[in-house]
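# A structural walkthrough
The primary structure of each chain is shown beneath.
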Amino acid sequence: MSKLNIIPQPRLVETREGFFQLIPEARIVAEGAARPAAELLAEYLRPATGYALPVAEGAPRKGDLALAVTGADAQDEAGFYDESHRLEIGAEGVSLSGASCIALVRGIQTLRQLFGQGIYADTVKIGAHWRLPCALVEDSPSVRWRGVMLDSARHFFSVEQTCRMIELAAQLKLSVVHLHLTDDQGWRLEIKKYPKLTEVGGTRPRTQSGHSYDRPLKYDETPHTGFYTQDDIRAIVAFAAKRGIMVVPEIDLPGHMVAAIASYPELGNYPAHRLEVRDCWGISYNILSPRESTMAFLKDVFAEVVDLFPARFIDIGGDEARKDEWKICHEVQRIMAEKGVRDEEELQQWMTNEIGAYLATLGRRTIGWDDILNPEMPRDAAIMNWHDGENSTVRQDAARMGRAIVLTPHAYTYFDYYQADPRHEPLAIGGDISLEKAYRFEVLDSKWTQQERDAILGAQAQLWAEYIPDAAQQEYMAFPRLCALAEKTWLAGATPGYHDFCTRLLAYYGIFEAQKVNARPLD
Ligand code: TNX
């Protein structure tokens with residue numbers, strides 16, 4: 001029996017003789033907690049087969065697909081569910097059982113891959129045979145947080161494209177989509193109490209078009225605009241939830257806030273100084289003021305964010321906050337003296353911890369870039385560890401402080417970096433992450449201490465979008481590297497090797513093709 005092409009590679013696969021054939025009279029048998037997964041499966045199978053498979057209760061008959069939740073179907077302290085599941089395909093029927101509804105959703109993705117690329121088509125394939133090889137698959141992920149970050153601040157991506165990326169991530173059994181919603185170059189989330197955030201902050205007059213190294217900088221003079229209404233967000237969150245994906249929103253503070261300061265100048269350190277939404281890339285020295293009214297603003301914003309996003313984690317960013325303004329601003333220096341804060345780094349920690357404490361009162365956990373790590377932050381706060389240089393000890397420090405870690409090392413997970421020789425690639429920020437290098441990323445490194453390994457919640461890829469102007473380029477940068485990340489997070493330390501991955505990836509290109517995904521061709 002030939003090897004099954006599944007990405008990520010399942011933990012255990014046993015192939016058997018024979019086939020299961022899907023017939024138009026088949027039913028999806030499911031009760032209680034399994035029903036949403038059954039409905040998703042019916043929805044997934046309908047376009048290509050043309051079969052309207054009913055979701056039914058009771059004993060399975062020959063030819064049926066039976067789904068059952070056998071576990072507690074409960075969220076853990078990080079908002080995740082037990083994803084372990086067992087898929088048994090026999091000639092007479094298919095049976096999928098799992099510890100939670102989301103576990104079934106993961107098994108359904110395996111099932112789809114086994115049907116083959118045709119099942120992903122959006123129109124009926126007349127005369128096709130829908131067959132699955134008989135097999136037993138027992139599966140569960142190594143880490144819970146398997147994510148991808150989408151940056152709609154630098155370039156706005158429509159609800160439709162965002163949902164498409166969520167669906168493509170779900171196919172790879174990812175569990176988190178992190179939305180970077182605000183930055184210097186745009187504020188993309190409707191906040192009812194502060195309409196100017198999107199009215200003003202949602203548009204920049206023009207956009208840098210070449211590379212930041214160009215002198216002079218080149219610009220595209222067309223305004224760039226867009227934001228998600230609160231209804232859009234509810235639609236995105238519901239679409240993701242159905243697919244077992246937690247949508248983690250990021251409101252980046254106190255740096256990366258020019259769009260907000262342009263909308264409400266009183267949020268900045270120099271309110272008389274009017275800013276425009278930033279039209280070029282790189283780090284701004286304009287950051288938020290730590291004054292009381294700005295803190296109140298942030299809490300108002302997070303109150304609305306928490307209402308929109310049910311995710312256990314809320315991301316407060318915290319990266320690259322330049323302290324130039326704080327160092328010279330008399331008001332900020334006075335605030336620091338009043339609070340007994342020693343220096344500007346400590347001032348950022350104070351802001352982080354204030355917002356962290358506020359989020360805790362709303363029942364949420366704080367997460368942010370590793371720049372925010374400090375011993376006073378909420379005990380259940382987590383960091384995204386992007387500093388991965390030899391000189392950085394932030395991962396070890398976080399583990400020692402008992403904080404959870406999502407690995408986001410820029411050398412392996414910044415999928416805005418080039419994936420091949422820049423001379424033959426579309427313009428990107430720089431860097432060098434080939435598919436092979438992405439596959440070399442180790443999520444639970446055997447060289448780390450047990451304490452460090454225990455702190456790892458998971459890992460995610462970053463699609464920073466300075467140089468990703470549209471949906472096609474977003475897909476080009478994401479795929480196929482996201483397949484590597486999915487496998488390395490699903491089966492940390494136990495993956496079958498790059499060569500084996502590539503042979504399965506060749507088949508996965510059929511899945512891309514069926515959905516017209518603009519994946520980068522293999523070399
Ligand atoms: C650094 S890493 C950033 C982003 C940029 C990215 C470009 C981090 C937390 N911040 O603002 O988009 O580099 O690669």
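Anyway, here's the lowdown on the structure attached to this text. (Residues numbered from 1 in each chain as written. Predicted model: local features only at pLDDT ≥ 70, side-chain atom pairs only at ≥ 80, totals over all residues. Heavy atoms only, no water.)

Looking only at helices and strands, one finds 17 helices and 21 strands in the protein chain. In terms of overall dimensions, the protein chain is globule-like: its C-alpha atoms have a radius of gyration of 24 Å, near the 24 Å expected for 523 residues. Each principal axis of the C-alpha atoms in the protein chain carries an extent, and together these give about 75 × 45 × 45 Å. Expressed as a percentage of the 523 residues in the protein chain, the buried residues total 59%. Restricting the contact set of the protein chain to residue pairs at least 6 apart, pairs at least 24 apart contribute 75%. Roughly 20400 Å² of accessible area belongs to the protein chain as shown, and the carbon and sulfur atoms make up 51% of that amount. For the protein chain, the distance from the average position of its 56 positive side-chain charges to the average position of its 74 negative side-chain charges is 2 Å. (Helix = DSSP H or I, 4+ residues; strand = E, 2+ residues; numbered from the N terminus. Rg over C-alpha atoms; globule rule 2.2 N^0.38 Å. Buried < 20%, exposed > 50% of the residue type's maximum accessible area, 1.4 Å probe, protein only. Contact = heavy atoms within 4.5 Å. Areas by Shrake-Rupley, 256 points an atom, 1.4 Å probe, with all protein chains shown as cover. Lys, Arg positive; Asp, Glu negative; His and termini not counted. Charge placed at Lys NZ, Arg CZ, Asp CG, Glu CD.)

Attention shifts here to the site of the ligand. As a structural note, the neighbourhood of the ligand is formed by Arg-154, His-256, Asp-319, Glu-320, Trp-369, Trp-386, Tyr-414, Asp-416, Ile-429, Trp-464 and Glu-466. Side-chain polar atom of Asp-416 to an oxygen atom of the ligand: 2.7 Å apart, as the coordinates give it. Bound to the protein, the ligand loses 92% of the 360 Å² it would expose on its own. Taken together, the residues of the shell around the ligand break down into five nonpolar, one polar and five charged. (Near = heavy atom within 4 Å. Polar contact = N/O pair within 3.5 Å; in protein donor to acceptor, adjacent residues only side chain to side chain. Nonpolar A, V, L, I, M, F, W, Y, C, P; charged D, E, K, R; others polar.)

All right, on to the packing of aromatic side chains then. Scanning all chains against the criterion turns up 16 aromatic pairs. Here the aromatic rings of Tyr-194 and Phe-297 are separated by 4.7 Å at their centres, their planes lie at 70 degrees, and the arrangement is edge-to-face. You can see Tyr-194 sitting in the loop between strand 11 (186–187) and helix 4 (196–199) and its partner Phe-297 sitting in helix 7 (residues 292–308), a full 103 residues away along the chain. The class for Phe-297 is buried, based on a relative accessible area of 2%. With centroids separated by 5.3 Å and ring planes inclined at 55 degrees, the aromatic side chains of Phe-479 and Phe-512 adopt a geometry described as tilted. Of this pair, Phe-479 sits in the loop between helix 15 (471–478) and helix 16 (481–490) while Phe-512 sits in helix 17 (residues 498–514), and the two are 33 residues apart along the sequence. When its relative accessible area of 1% is taken as the criterion, Phe-479 is described as buried. (Phe/Tyr/Trp six-rings, centres within 6.5 Å; stacked < 30°, edge-to-face > 60°.)

Attention now moves to the nonpolar core. With 168 residues, the main nonpolar core has Leu-67 and Trp-187 as its most contacted residues. Excluding anything up to four places from it in sequence, Leu-67 contacts Ile-28, Val-29, Ala-30, Glu-31, Ala-34, Ala-37, Ala-38, Leu-41, Leu-96, Leu-104 and Ile-108. (Core = buried A, V, L, I, M, F, W, Y, C linked by side-chain atoms within 4.5 Å.)

A few words on unusual backbone geometry. Looking along the chain, the bond that leaves Arg-215 and enters Pro-216 is cis, with omega of -5 degrees. Relative to the helices and strands, Pro-216 is located in the loop between strand 13 (207–208) and strand 14 (219–220). Following Phe-479, the chain continues to Pro-480 via a peptide bond in cis, the omega torsion being 15 degrees. With respect to the helices and strands, Pro-480 occurs in the loop between helix 15 and helix 16.

Moving on, we get to the packing of helix 1 (residues 35–49) against helix 2 (residues 101–115). Where helix 1 meets helix 2, the closest approach of the two axes is 9 Å, and the angle between their N-to-C directions is 20 degrees. Regarding the angle of helix 1 to helix 2, the classification is roughly parallel. Note on packing geometry: the crossing formed by helix 1 with helix 2 is right-handed. On helix 2, the residues touching Pro-36, Ala-37, Leu-40, Leu-41, Tyr-44 and Leu-45 of helix 1 are Cys-101, Leu-104, Val-105, Ile-108, Gln-109, Leu-111, Arg-112 and Phe-115. The residue makeup of the contact of helix 1 with helix 2, split by class, is 12 nonpolar, one polar and one charged. (Axes fitted to C-alpha atoms, helices over the stretch in contact; angles between N-to-C directions. Parallel < 35°, antiparallel > 145°, perpendicular 65-115°, else oblique. Left-handed = near helix turned anticlockwise from the far one by under 90°.)

Strand order in the open sheet made by the seven strands is 1-7-5-6-4-2-3, with mixed pairing throughout. Bordering the open sheet on either side are strand 1 (12–21) and strand 3 (55–56), each of which pairs with just one other strand. In the packing of helix 2 onto the sheet, contacts are made with strand 4 (65–69), strand 5 (85–89), strand 6 (94–98) and strand 7 (131–139), and the angle to strand 5 comes to roughly 35 degrees. (Pairing = 2+ DSSP bridges.)

Before going further, it helps to examine the pattern of salt bridges. Across all of its chains, the model carries 41 salt bridges by this definition. As a salt-bridge pair, Glu-138 and Arg-86 come within 3.1 Å of each other at their nearest N and O atoms. With Glu-138 in strand 7 and Arg-86 in strand 5, this residue pair connects regions lying 52 residues apart in the sequence. The partner of Glu-487 in a salt bridge is Arg-504, and the shortest N-O contact between them spans 2.7 Å. Placement of Glu-487 in helix 16 and of Arg-504 in helix 17 is noted, with a sequence separation of 17 residues between them. Comparing Glu-487 with Arg-504 shows no difference in burial state: the two are buried. Salt bridges linked by common partners bring Glu-14, Arg-16, Arg-86, Glu-88 and Glu-138 together as one network. (Salt bridge = Lys/Arg side-chain N within 4 Å of Asp/Glu carboxyl O.)

With five of five residues buried, strand 18 (residues 365–369) lies mostly within the body of the structure. When strand 17 (residues 313–315) meets strand 18, the two strands line up parallel, connected through three bridges. Pairing of Phe-313 across the sheet is with Arg-365, part of strand 18.

Counting through the fold element by element, Leu-87 comes out in strand 5. Between the alpha carbons of Leu-87 and Lys-193 there is a distance of 48 Å; along the sequence they are 106 residues apart. Residue contacts for Leu-87: discarding those within four places in its chain leaves Val-94, Ser-95, Leu-96, Gly-107, Thr-110, Leu-111, Ala-135, Leu-136 and Val-137.

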